[in-house]
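# Observations on the model geometry
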Amino acid sequence: MSAERRSARLGVGIIGSGRVGPVIGAALGGAGHAIVGITAVSEESLERANALLPDVPVLDPTDVVERSELVVIAVPDGELASLVEGLAAVGAWQPGQLVAHTSARFGTAVLAPAARAGAIPLAIHPAMVFTGTSLDLARLHETSFAVTAPAPVQPIGQALVVEMGAEPVIIAEADRAAYAEAVETAASFSRAVVQQATGLLQDIGVENAGGFLSSLVRSSVDEALRGATTPDVDELL
């Protein structure tokens, strides 16, 4: 069966209602998949799930897995391994079921308990900073996903990413740690530089310092990503 056929019209369950899970669910729902359930615990997570997936039932993780052909796990790194192991301990994972997590740090090894039960492991990390709102759905179309999976099922992960409007990039299992370091470095360094620059402008009385720097920061980053040399100060004037 082709990857396109295998990934079409799946019953998708989302475990995690942080900033990532509901957005991924909404993107997959928009691609024609049926979102069959989502987990949510806090009031904030419930509000986020209801805003992005208003007609989707809120379930516990075991029920989400039971109903799903594809389970998307979008939880903090520190919770991922224990969640997968716990669901394996209660016999939740099903043979042939797709299981994808969205962590940058891990490949598919963390999904081994599910794989031993016959599930198909995928790691699909979106390289973007999420707001947890509908704004992210448009941003997905400018985003690349790191896809890590056993070679025979890599096309399934790639097809799911393409359906969400994003660009899949294969990252080897052994390279996930380096990949995670790269994306964290880019995000944290960018954040720190912008905070420092806006602080300097605020100190001299510039109102809306973030808005003032927006075009400069975006254009500078775009130039850097294109491999351009660092501009002279005069080029910024």
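Now for a quick tour of the structure.

### A closer look at the overall build of the protein chain
- A count of helices and strands for the protein chain gives ten helices and seven strands.
- Counting only C-alpha atoms, the protein chain reaches 60 × 40 × 30 Å along its principal axes.
- Split into buried and exposed, the 237 residues of the protein chain put 41% on the buried side.
- A sequence separation of at least 24 residues applies to 57% of the contacts in the protein chain between residues at least 6 apart.
- When the accessible surface of the protein chain is split by element, carbon and sulfur atoms take 55% of a total near 12600 Å².
- Across the protein chain, 13 positive and 27 negative side-chain charges occur, with their mean positions spaced 7 Å apart.

### What about a nonpolar patch on the surface?
- A cluster of nonpolar side chains, namely Val194, Val217, Val221 and Leu225, defines an oily patch on the protein surface of about 320 Å² accessible area.
- Tracing the backbone through its elements, the reader meets Val221 in helix H10 (residues 209–225).

### Observations concerning the pattern of salt bridges
- For the coordinates displayed, the defined rule picks out two salt bridges.
- Residue Arg48 pairs with Glu44 through a salt bridge whose shortest N-O separation is 3.0 Å. In this pair, Arg48 and Glu44 both sit in helix H3 (residues 43–52), four residues apart, roughly one turn of the helix.

### Section: the nonpolar core
- Val12, Leu28, Leu70, Leu122 and Phe145 are the most contacted members of the largest nonpolar core, which totals 33 residues.
- In terms of residues, this core owes the most to one element, helix H2 (residues 21–30), which gives five residues.
- Here Leu28 is in contact with Val12, His33, Ile35, Leu70, Val72, Leu160 and Met164, once residues within four sequence places are set aside.
- With 19 residues, the next largest nonpolar core counts Val65, Leu87, Ala92 and Val99 among its residues.

### A closer look at unusual backbone geometry
- One non-glycine residue, Asn208, lies in the positive phi region at around 50°.
- Of the residues examined, Asn208 reaches a relative accessible area of 61% and is grouped as exposed.

### Examining the pairing of strand S5 (residues 120–126)
- A large share of S5 lies buried, amounting to seven of its seven residues.
- Both faces of S5 are covered, namely the face carrying Ile120, Leu122, Ile124 and Pro126 and the face carrying Pro121, Ala123 and His125.
- For S5 and strand S6 (residues 144–148), the ladder comprises four bridges, and the chain directions are antiparallel. Bridge assignment links Ile124 to a residue of S6, and that residue is Val147.

### Remarks on the side chain of Arg48
- Accessibility expressed as a relative area gives 13% for Arg48, which makes it buried.
- Those residues in contact with Arg48 that sit more than four places away from it in its chain are Ser17, Gly18, Arg19, Pro22 and Gly132.

What counts and what doesn't
- Residues numbered from 1 in each chain as written.
- Predicted model: local features only at pLDDT ≥ 70, side-chain atom pairs only at ≥ 80, totals over all residues.
- Heavy atoms only, no water.
- Helix = DSSP H or I, 4+ residues; strand = E, 2+ residues; numbered from the N terminus.
- Buried < 20%, exposed > 50% of the residue type's maximum accessible area, 1.4 Å probe, protein only.
- Contact = heavy atoms within 4.5 Å.
- Areas by Shrake-Rupley, 256 points an atom, 1.4 Å probe, with all protein chains shown as cover.
- Lys, Arg positive; Asp, Glu negative; His and termini not counted.
- Charge placed at Lys NZ, Arg CZ, Asp CG, Glu CD.
- Patch = residues over 30% accessible without salt bridge, like charges linked within 9 Å, V, L, I, M, F, W, Y side chains within 5 Å.
- Salt bridge = Lys/Arg side-chain N within 4 Å of Asp/Glu carboxyl O.
- Core = buried A, V, L, I, M, F, W, Y, C linked by side-chain atoms within 4.5 Å.
- Pairing = 2+ DSSP bridges.

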